[in-house]
Amino acid sequence: MTDWLPLSSAERSVAIEVLVNGPLSRTELARRLNLSQGSLTRLTKPLIESGLLVEAPWAGAPETRQGRPSQPLAVVAESRSFLGFKITDEMVYAVVTSLRSDIVARLDRPLTGHDPKYVADLLADMTAELAGRHRAIAGIGIGVGGFVRENAVVGESPYLSWRDVPLAGLVRERTGLPVVVENDVAALVEAETWFGAGRGLDRFVVLTIGAGIGYGLVLGGRRVPCAEEDRGFGRHWIIDPLGPLTPQGERGSAASLLTIPSIRYQVRAATGRDASYEEILAGAAAGEPMAARVVGEAGRALGTLLAQIANFVMPQKILLAGEGVGLMEVAGDTVRETVRAHRHPLAVPIGLETKVSDFHDWARGAAVLAIQVLVLGRAGG
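Because the structure is predicted, anything quoted here is derived from the model rather than measured. (Residues numbered from 1 in each chain as written. Predicted model: local features only at pLDDT ≥ 70, side-chain atom pairs only at ≥ 80, totals over all residues. Heavy atoms only, no water.)

Turning next to helix α12 (residues 359-376). Between its terminal C-alpha atoms α12 stretches 26 Å, which fits the 26 Å expected from 18 residues at 1.5 Å a residue. Taking burial as the measure, the 18 residues of α12 include 16 buried ones, the bulk of the element. Here α12 starts with a cap whose side-chain oxygen sits 2.9 Å from the backbone nitrogen of His360, and that cap is Asp358. The first or second residue beyond α12 is Gly377, which carries a positive phi of 85°. (Helix = DSSP H or I, 4+ residues; strand = E, 2+ residues; numbered from the N terminus. Expected span 1.5 Å × (residues − 1). Buried < 20%, exposed > 50% of the residue type's maximum accessible area, 1.4 Å probe, protein only. Polar contact = N/O pair within 3.5 Å; in protein donor to acceptor, adjacent residues only side chain to side chain.)

See below:
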């Protein structure tokens, strides 16, 4: 099959528009990109010949032009597969996706050590296993909790105790495939911007709660990279200066009030009993005093944080994701009341969407990085 790269910038624009929003009629595609029909024909011809796009009469896209209807254009989603990995301190979660980021397979393995070469060997073994079942794998994306430089080097990862680990190179040496590495929240933001809740939005925020607090900002339809990404965002955003002090954050910080380890720590310190996050949420829902107090404080903290983000960024939508979003099921009313209390009475309501995520969603985000490398020639939209 002919390689899809290199593409000109105009050809990339066409490919991305169809990939993210298609199938699209030629009339609609020309309108979106402000192109003449002649220019569009010239740009789409090599994309069709290369196998990236296909004329798809079955796709059902509307055609508004008078006269004979043309066939809409769609990407050949199954023509390439992509691997996405999410690495935690205890597990590696892998997915195989299509070109449109649909998950077609999953594979999980325990992580019994954190030595970089051992981790790279494990990723290579998992790649070989998945490649044996899914042909035409075009690239690998890896999401890691921590600071990543140049889409390749894990500068810092507190969960893995890594510093300056050239993870992309280690995995590329073992697999022979293009590899891109990124902070896991950044990868999730890219996936939601291209294929999820943020698709087509100019201003969009992703806020994740779980083992830590993650934040991603999209302006002009593109993620805003940050030199301090994942270097303690939640630990230094103070919600309540008189709030709890925990090992995971400054006193009254978002991390101290909202992360799963901090919530569990507060309950354990008060009761002497080690409870899971799910047990604490269930206890709060049942009216257990300590669980209800801690969860209520977390709900107020989340509402304050959401209101502050909305007041300063003015996003069209905030996506709340991560393994800690079960908080909304128990403390959702508290969250919404707090948001209202911290917003102008006439302010436009926050477009809040909650997504219950598992680690395969994070791995899918990493796979989207590999898709971007193929279509854009680089990671990041």
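What follows covers the confidence of the model for the protein chain. For the protein chain, per-residue confidence averages 89 on the pLDDT scale, and 92% of positions sit at 70 or higher. Confidence drops under a pLDDT of 50 for residues 58-68, and excluding neighbours within four residues, the segment shows 16 contacts in the predicted structure. (pLDDT = per-residue confidence, 0-100. Contact = heavy atoms within 4.5 Å.)

Counting residues in each nonpolar core, the largest one holds 35 residues, and the members touching the most others are Leu207, Ile209, Leu258, Leu302 and Leu327. Looking at this core, the elements that each hand over two or more residues are β11 (203-209), β12 (213-219), α7 (254-258), α8 (260-271), α9 (277-285), α10 (289-313), β14 (317-321) and α11 (327-341). With 10 residues, α10 is the single largest residue contributor to this core. In this view, Leu302 contacts Leu207, Ile209, Leu258, Leu320, Leu327, Met328 and Val335; residues no more than four positions away in its chain are not counted. Counting 31 residues, the second-largest nonpolar core is a separate cluster that includes Leu122, Val144, Leu170 and Val181. (Core = buried A, V, L, I, M, F, W, Y, C linked by side-chain atoms within 4.5 Å.)

This part takes up the sheet that holds β11. Strand order in the open sheet formed by 5 strands is β13-β12-β11-β14-β15, and the pairing between neighbours is mixed. Only two strands of the sheet have a single partner each, and these edge strands are β13 (222-223) and β15 (352-354). As paired strands, β11 and β14 are joined by 5 bridges and run parallel to one another. Paired with Val205 across the two strands is Ile318, which belongs to β14. Across the face of the sheet, helix α6 (residues 184-195) comes into contact with β11, β12, β13 and β14 while running at roughly 135° to β11. Each of β11, β12, β14 and β15 touches α10; the most contacted strand, β11, lies at about 160° to it. (Pairing = 2+ DSSP bridges. Axes fitted to C-alpha atoms, helices over the stretch in contact; angles between N-to-C directions.)

Looking at where Tyr159 falls in the secondary structure, it is placed in the loop between β8 (153-157) and β9 (162-165). In this structure, the C-alpha to C-alpha distance between Tyr159 and Val144, residues 15 residues apart in sequence, is 8.9 Å. The contact partners of Tyr159, leaving out residues within four places of it in the chain, are Asp89, His114, Gly145, Ala211 and Gly212.

Okay, the packing of aromatic side chains next. Applying the stated criterion across every chain yields a total of 2 aromatic pairs. Ring geometry for Tyr93 against Phe359: centres 4.9 Å apart, planes inclined by 25°, an arrangement best described as stacked. Of this pair, Tyr93 sits in strand β4 (residues 91-97) while Phe359 is found in helix α12, placing the two residues 266 residues apart along the sequence. Overall, Tyr93 belongs to the buried group, its relative accessible area being 14%. (Phe/Tyr/Trp six-rings, centres within 6.5 Å; stacked < 30°, edge-to-face > 60°.)

Moving on, we get to the pairing of β14. By the criterion of burial, β14 is predominantly enclosed, with 4 of the 5 residues buried. Across 3 bridges, the pairing between β14 and β15 is parallel. Its bridge partner being in β15, Leu320 is matched across the sheet by Thr354. With respect to chirality, the unit in which β14 leads through α11 into the neighbouring parallel β15 is right-handed. (Right-handed = clockwise from strand over helix to strand, strands pointing away.)

Here we come to the pattern of salt bridges. By the definition in use, this model includes 20 salt bridges. Across the salt bridge formed by Arg264 and Asp274, the nearest N and O atoms sit 3.0 Å from each other. A residue pair is termed long-range when its members are at least 10 positions apart, and Arg264 in helix α8 and Asp274 in the loop between α8 and α9 qualify at 10 residues. The class for Arg264 is partly exposed, based on a relative accessible area of 29%. Salt-bridge contacts for Lys317 lead to Glu353; the nearest nitrogen and oxygen are separated by 3.0 Å. In this pair, Lys317 sits in strand β14 while Glu353 sits in strand β15, placing the two residues 36 residues apart along the sequence. Accessibility expressed as a relative area gives 31% for Glu353, which makes it partly exposed. Bridged by salt links that share partners, the residues Glu17, Glu28, Arg31 and Arg32 form one connected network. (Salt bridge = Lys/Arg side-chain N within 4 Å of Asp/Glu carboxyl O.)

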